[in-house]
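Examining the three-dimensional arrangement
Residues per chain, in single letters:
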Amino acid sequence: MASLKISAIKRAQLREFSTANCIHIRVVPTGLHLMEFDMAVNSTFVSFDGGIQQLEGEDTKIIVPAILSTISGLGIGGNVLVLVVLIYVFASQSASEANVMLANLSATDLMILSVCAPARAVTYYKRTWTLGLLACRTTEWIQHSCLAVKAFTLLATSQARHTLSSHPEEQSNFRQKNIVITLIIIWTVALVFPVPDIVFSRLKEEGNISLCVSELTFHSQDAMRVFSKMLPLGIYVLPIILSAVCHIRTIFLIKPSSHEESFVARQYENSLMYLCVIALNTLMMLPEWVSWVWMRHRSGESCKPSVGLLIFAQVCVYLSSTFFPAILLTMHVPLRESLNNLCSSLACRRDKHRLKLEGNGNEMRTVVMRVLDERGCVTMMERHSDASCQTLPDLEHFWSERRNTTVTENNDPLPWERLNQSNVEL
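So, a few notes on the structure that sits alongside this text. Computed from a prediction, not measured in an experiment: that's the story for all the values here.

1. Things to note about the overall build of the protein chain
For the protein chain, the count of helices and strands is 14 helices and five strands. Looking at the protein chain as a whole, 39% of its 426 residues are labelled buried. A fraction of 79% describes how many contacts in the protein chain between residues 6 or more apart in sequence connect residues 24 or more apart. Total accessible area on the protein chain stands at roughly 24100 Å², and carbon and sulfur atoms take up 62% of it.

2. Re the pattern of salt bridges
Tallied over the full model, the rule gives five salt bridges. Its salt-bridge partner being Lys150, residue Asp109 comes within 3.0 Å of it at the nearest N-O pair. One end of the pair, Asp109, is in helix H3 (residues 97–126); the other, Lys150, is in helix H4 (residues 132–166), with 41 residues separating them in the sequence. You'll find Asp109 and Lys150 in the same group, each marked buried. For Arg120, the salt bridge is made with Glu140, and the minimal N-O distance between the two is 2.6 Å. One end of the pair, Arg120, is in helix H3; the other, Glu140, is in helix H4, with 20 residues separating them in the sequence.

3. Concerning unusual backbone geometry
Positive phi is not limited to glycine here, since Gln54 has a value of about 65 degrees. The phi torsion at Arg127 lies on the positive side, around 70 degrees, for a residue other than glycine. Among the secondary structure elements, Arg127 is positioned in the loop between H3 and H4.

4. Concerning helix H5 (residues 176–192)
For H5, which comprises 17 residues, the first-to-last C-alpha distance of 25 Å matches the rise-based estimate of 24 Å (1.5 Å per residue) to within 8%. For H5, the set of buried residues is Ile179, Leu183, Ile186 and Ala190. In an axial view of H5, the angular spread of the buried residues amounts to 65 degrees, which keeps them on one side of the axis. Opposite the packed face of H5, turned more than 90 degrees from it, sit the exposed residues Lys177, Ile184, Ile185 and Val192.

5. Re the pairing of strand S4 (residues 201–206)
Here S4 runs beside strand S5 (residues 209–217); their pairing, made up of six bridges, is antiparallel. Within S5, the position partnered with Leu203 by the bridge is Cys212. Counted along the chain from S4 to the antiparallel partner S5, the turn is two residues long, and its residue Gly207 has a positive phi close to 70 degrees.

6. Some remarks on the side chain of Ser201
Considering the arrangement of structural elements, one finds Ser201 in strand S4. Judged by relative accessible area, Ser201 falls into the buried class, the value being 1%. Only 2.7 Å separates the side chain of Ser201 from the side chain of Asp49, close enough to count as a polar contact. Not counting residues up to four positions away in its chain, the partners in contact with Ser201 are Asp49, Cys136, Arg137, Val213 and Ser214.

7. What to know about the packing of helix H2 (residues 58–92) against helix H9 (residues 307–331)
The interhelical angle for the contact between H2 and H9, taken along N-to-C directions, is 25 degrees, at an axis separation of 9 Å. Looking at the two axes, H2 sits roughly parallel to H9. Where H2 crosses over H9, the two elements pack in a sense that is left-handed. Between H2, through Val64, Ile67, Leu68, Ile71, Leu74, Gly75, Gly78, Asn79, Leu81 and Val82, and H9, the contact on the second element is made entirely by Ile311, Val315, Tyr318, Leu319, Ser321, Thr322, Phe324, Pro325, Leu328 and Leu329. Of the residues assigned to the contact of H2 with H9, the class counts are 15 nonpolar, five polar and no charged.

So, how was this worked out
- Residues numbered from 1 in each chain as written.
- Predicted model: local features only at pLDDT ≥ 70, side-chain atom pairs only at ≥ 80, totals over all residues.
- Heavy atoms only, no water.
- Helix = DSSP H or I, 4+ residues; strand = E, 2+ residues; numbered from the N terminus.
- Buried < 20%, exposed > 50% of the residue type's maximum accessible area, 1.4 Å probe, protein only.
- Contact = heavy atoms within 4.5 Å.
- Areas by Shrake-Rupley, 256 points an atom, 1.4 Å probe, with all protein chains shown as cover.
- Salt bridge = Lys/Arg side-chain N within 4 Å of Asp/Glu carboxyl O.
- Expected span 1.5 Å × (residues − 1).
- Arc of directions from axis to C-beta.
- Pairing = 2+ DSSP bridges.
- Polar contact = N/O pair within 3.5 Å; in protein donor to acceptor, adjacent residues only side chain to side chain.
- Axes fitted to C-alpha atoms, helices over the stretch in contact; angles between N-to-C directions.
- Parallel < 35°, antiparallel > 145°, perpendicular 65-115°, else oblique.
- Left-handed = near helix turned anticlockwise from the far one by under 90°.
- Nonpolar A, V, L, I, M, F, W, Y, C, P; charged D, E, K, R; others polar.

Encoded structure:
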């Protein structure tokens, strides 16, 4: 990818200094002479919000938005499919705490891919901020809030699985009130934690150029120093460590002697699936948080992270939300079985509708039952009714004789009555 560097349009003030192996350039876009002077005196530039702006090169204008749009489209489709399957599970079966948490994770990923990713794709394409002041102040806040919801939901799910493994007799109890309270707490804390993102975001406008940036005033530097340590620690490091520890302890708590073999295998598969989700989230979020902390803790003499690293970090965030439904639908056995049942149900309904249009009567019913039987779509009621009409082998001979209730003329027990009847007829 050529020319991943800040555009060299007219600069009103150029400050560069070199360290051991790097050179820093202060960005001053066209028409921001007075604004740049004010920022140099009263505030400090930290980073761009909602995507890096003022990139040069036609390749970055086309390739980066295309990559983000592709990732967003695939991820939205996968998460919508997961939500549809979970809704089908809720409608056909009793809801469970694990499925509610999975639905919350999928809805959060859907929100990231449908709100945050398109905003960055538009910014990379336009090279300036065109989405207005409200979007500028909230774009980083929404993304960090969604990442916090994912981390806290994984932690709550891990803790719930550990509790159920410790007390398996409570596994069938679905505590709806506790689930609602847990979700309210998760979303409340996740929305409040990154509020400083709104405070530090600024929209700089001069002429036809708008930039969405994070900047620090002289009085907010201490607050930013604390916030830049607390945010990654609270929504990245601690939730990942605690979630992994809970699942590892859950694996050791599973005792094959006290449960059926299928139940034990299912528990191991679910723990492995959640550990894969945690590992994926850890690896994909690492570039984003490394670059985020680097930008806010660099000293005046150190190198800034490269533009390529910043773009790669943002792409990894959205890849994590795209890979989540793929892992869920391949490794989570109950969900995969529910997807197969949903597809079979839809196929059966389509065949029933088609065959109803093609024919009628007993012939049509025979064809329908044959097709449905080939697809394994015969309903439980029909199978149950067929089973109820079957005769036990030991009573086959008894009922076969009792079914023939017609009295033949040779075995008539009252022949004289028939004789009198025949005489009357004559």
